[in-house]
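Spelled out, the chains give:
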Amino acid sequence: MLLPVAGIVQSQARKATTYNLGLRYDFHPSAAFKLQYSSEDNEIADLRQDVLAFGVDLVF
């Protein structure tokens with residue numbers, strides 16, 4: 001009965017390297033612009049994923 005559970009757990013195994021780079025610019029005392037780049041190399045699946053995220057934070 002535990003064999004299916006072990007198979008599910010092993011299917012989630014991964015070996016990956018992740019890099020993150022973030023920048024923040026406070027353009028006003030109550031506002032900031034933020035930018036983040038993330039890159040992940042999954043060696044098992046031979047897959048590379050890149051994400052670019054940005055946002056504006058406001059404080060009222």
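Structure: above.
Along each chain, residues carry numbers from 1 onward, in the same order as the chain's sequence is written. Local features in this predicted model are restricted to residues whose pLDDT is 70 or higher, and side-chain atom pairs enter the listing and the counts only when it is 80 or higher, whereas totals over whole chains, interfaces and linings include all residues. Calculation of side-chain values draws on the structure's entire complement of heavy atoms; hydrogens and water are dropped beforehand.

(A) Main features of the environment of G55. Of note, G55 is situated in strand 3 (residues 47-58). Only protein chains enter the accessibility calculation, which uses a 1.4 Å probe. A residue is then buried if its area is under 20% of the maximum for its type, exposed if over 50%, and partly exposed in between. Exposure remark for G55: the relative accessible area of 25% places this residue in the partly exposed category. Two residues form a contact once any of their heavy atoms are found within 4.5 Å. Leaving out residues up to four positions away in the same chain, G55 has contacts with A32, F33 and K34. Counting from the N terminus, the helices are the DSSP runs of H or I reaching at least four residues and the strands are the DSSP runs of E reaching at least two.

(B) Just the side chain of E40, in detail. If you trace the backbone, E40 turns up in strand 2 (residues 31-42). On the basis of relative accessibility, which here comes to 17%, the residue E40 falls in the buried class. Throughout this description, a polar contact denotes any pair of N or O atoms lying within 3.5 Å of each other; where both atoms belong to protein, one of them has to be capable of donating a hydrogen while the other can accept it, and for residues adjacent in sequence the pair is counted only when both atoms sit in side chains. At a separation of 3.4 Å, a polar atom in the side chain of E40 contacts the side chain of T18. Beyond its immediate sequence surroundings of up to four residues, E40 is in contact with R14, A16, T17, T18, L47, R48 and Q49.

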